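A closer look at the structure
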Amino acid sequence: MRKTVLILLAALPLAPQPATAQKAICAPTGEIVAAAVEARRAGQPATTAKQEITAGLEGAQAGFAPAVQPLVDWVYELPETDLKKDVAGAWVTQCEAQ
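Residues numbered from 1 in each chain as written. Predicted model: local features only at pLDDT ≥ 70, side-chain atom pairs only at ≥ 80, totals over all residues. Heavy atoms only, no water.

We now examine the overall build of the protein chain. Along its length, the protein chain carries 6 helices and 0 strands. If you list the helices and strands of the protein chain from N to C, you get α-α-α-α-α-α. Relative to its full complement of 98 residues, the protein chain shows a buried share of 35%. Counted over contacts in the protein chain with a minimum sequence separation of 6, partners at least 24 positions apart contribute 73%. (Helix = DSSP H or I, 4+ residues; strand = E, 2+ residues; numbered from the N terminus. Buried < 20%, exposed > 50% of the residue type's maximum accessible area, 1.4 Å probe, protein only. Contact = heavy atoms within 4.5 Å.)

Moving on to the state of the cysteines. Across all of its chains, the model carries 1 disulfide by this definition. The disulfide partner of Cys26 is Cys95, and the S-S distance across this bridge is 2.1 Å. Judged by the sign of its S-S torsion, about -80 degrees, the bond between Cys26 and Cys95 is left-handed. Of this pair, Cys26 sits in helix α3 (residues 26-41) while Cys95 sits in helix α6 (residues 87-97); the two residues are 69 residues apart in sequence, bridging distant segments of the chain. (Disulfide = S-S within 2.5 Å.)

Position of Val72 among the secondary structure elements: in helix α5 (residues 65-77). The exposure class of Val72 is buried, given its relative accessible area of 0%. Along the chain, Val72 and Lys50 lie 22 residues apart, while their C-alpha atoms are 6.5 Å from each other. Residue contacts for Val72: discarding those within four places in its chain leaves Ala36, Ala46, Ala49, Lys50 and Ile53.

Here the focus is the packing of α3 against α5. Contact geometry of α3 with α5 gives a least axis separation of 9 Å together with a crossing angle of 45 degrees. Here α3 is positioned oblique relative to α5, judged by the angle of their axes. Where α3 crosses over α5, the handedness of that crossing is right-handed. Facing α3, whose interface residues are Thr29, Ile32, Val33, Ala36, Val37, Ala39 and Arg40, α5 presents Ala67, Val68, Leu71, Val72, Trp74, Val75, Tyr76 and Glu77. Taken together, the residues of the contact of α3 with α5 break down into 12 nonpolar, 1 polar and 2 charged. (Axes fitted to C-alpha atoms, helices over the stretch in contact; angles between N-to-C directions. Parallel < 35°, antiparallel > 145°, perpendicular 65-115°, else oblique. Left-handed = near helix turned anticlockwise from the far one by under 90°. Nonpolar A, V, L, I, M, F, W, Y, C, P; charged D, E, K, R; others polar.)

The structure is reproduced here in structure tokens:
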């Protein structure tokens, strides 16, 4: 998961971020993870999930579009048994710990 966090952070603007700004990306990216988990549980292909999640990003969330691909890829690489857990909650917790 740490590798994914680094990829995600590389996709976002490269301005120095105070700790509160870092935490500000955690909830929106957690929503992307939750949507990816739901898509995978529903049997949706990863490509379709990426397209639909990206298309659903509106307003301030549109800036998180570069994070969709690595997050969806990560969710689709997880063992299926992990999908029974709170993957999005774990993502947010790990993100906030950075």
